[in-house]
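Tertiary structure, described
Okay, here's what each chain looks like letter by letter:
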Amino acid sequence: MKQLFISLFIALSLTSFAQNTDSSFTQSSKINKAYFASYLSDSKHLLTAPFQASTKAWIVTGTLLAADVSLVYYDKQINAFSQRNRSHFSDQLSAHFFEHLSNGLYSVPINFGIVGISYLSKDKKLRSASLQCLIAMDLAGIAVTIPKYAFQRHRPFQDNPPNNLFFDGPFGNYAHTSFPSGHSFSAFTMAAEYSSYY
C-alpha cells in the first residue's frame, strides 16, 4: 500500500508539474541567482501539487496509474510482439540511437547546446524553454529515482524464467531498477517542457 501511495503521489506531482502553465513556476531566460533559486520553488510546488490538485487531476492521474499498472500484466505479450518484429536495423537503431537519446548521455548535452544556441541567436523564448527543461529534467531525475529504489522491479533478463511481477523494494539490494523507466521520464519531460513553449 505504501508503494502505491508513493507512486500515486509522484505521478500526480509530475502530472501537475508538466501541465502547469501558470506563474507559480519561476521562468527565467537568464542563468542567475533567481534561476538557481527556482529549483527550490519548483521543488516545493512539485511536492505540494498533490494537495492542491483538483478532482479532475486525481481522476486523470488515477486512470493513468491504473493503465500503467495494468500493462505489467501484458509484459510477456509485449515482449513476444517486440521479438517477432525485430530486425538487425531496429536493433542497431535502438542500441546506438534511441537508448542514448533519452538518457543523460545525450539529452543533457543537447539541452546545454540549445541554451548556447539561444544565447547566440538572442532567442529569449528558446533560452527560457531550454533552461526550464534543464530544471525539469533534474527534478524528474530525482522523482524517478525514488520509486525505482522503492519498487526495485527486476528486468526480464534478470530472472529465469522472467517474472514481471517480481519486486524487491523497498529493502532489497538495489540492483533492480527497471520501474519506472528513467528513459521514458526523460523523453516525456523534454517533450512536455518544450511543447509548453511551442
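Throughout this description, residue numbers start from 1 for each chain and increase along the sequence as written. The model is predicted, so local features are restricted to residues of pLDDT at least 70 and side-chain atom pairs to those at 80 or more, both for listing and for counting; the totals for chains, interfaces and linings are taken over all residues. In computing side-chain properties, one takes all heavy atoms of the structure into account and sets aside hydrogens as well as water.

In this section: a nonpolar patch on the surface. Note that patches include only residues with greater than 30% relative accessible area and no salt bridge, and the join distances are 9 Å for like charges and 5 Å for nonpolar side chains (Val, Leu, Ile, Met, Phe, Trp, Tyr). Working definition of accessibility: Shrake-Rupley area with a 1.4 Å probe, residue cover restricted to the visible protein chains. Here, a salt bridge means any Lys or Arg side-chain nitrogen found within 4 Å of an Asp or Glu carboxyl oxygen. Taken together, the side chains of Val69, Leu71, Tyr73, Tyr74 and Ile78 present a nonpolar region at the surface, about 500 Å² in accessible area. The secondary structure listing takes helices from DSSP runs of H or I that are at least 4 residues long and strands from runs of E that are at least 2 residues long, numbered from the N terminus. Mapped onto the elements, Tyr73 comes out in the loop between α3 (55-71) and α4 (75-84).

Before going further, it helps to examine the nonpolar core. Core analysis: the largest hydrophobic core is formed by eight residues, namely Ile114, Leu126, Ala129, Cys133, Met137, Met190, Tyr194 and Tyr197. Contributing elements (two or more residues each) for this core: α7 (124-151) and α8 (182-197). Among all residues touching Met137, those that are not within four sequence positions of it are Ser107, Val108, Asn111, Ser186, Thr189 and Met190. By size, the runner-up hydrophobic cluster in this structure holds seven residues, among which are Tyr35, Val115, Leu131 and Leu139. Joining through side-chain atoms within 4.5 Å is the link that ties buried Ala, Val, Leu, Ile, Met, Phe, Trp, Tyr and Cys residues into a set, and such a set is a nonpolar core. Each residue is assigned to one of three classes by its accessible area relative to the maximum for its type, calculated with a 1.4 Å probe on protein chains only: buried under 20%, partly exposed between the two thresholds, exposed over 50%. Any two residues having at least one pair of non-hydrogen atoms within 4.5 Å are treated as being in contact.

Let us look at the environment of Leu126. Structurally, Leu126 can be placed in helix α7. Put simply, Leu126 and Tyr194 are 68 residues apart on the chain and 8.7 Å apart in space, counted from C-alpha to C-alpha. Among residues more than four places away in sequence, those in contact with Leu126 are Ile114, Ile117, Ser118 and Tyr198.

Phi is positive for Lys122, close to 60 degrees, though the residue is something other than glycine. Tracing the backbone shows Lys122 in the loop between α6 (104-121) and α7. Looking at Lys122, the relative accessible area reads 69%, which means it is exposed.

This brings us to the confidence of the model for the protein. A residue's pLDDT is simply how confident the predictor is in it, with values from 0 to 100. Residues with a pLDDT of 70 or more make up 78% of the protein, whose mean pLDDT is 76. The weakest mean pLDDT in the protein belongs to helix α1 (residues 2-19) at 48; the strongest belongs to α3 at 87. Below pLDDT 50 for its whole length, residues 1-6 participates in five contacts with residues either more than four positions away or in separate chains. Scored below 50 in pLDDT, residues 15-26 shows 18 contacts in the model against residues more than four places distant or in partner chains.

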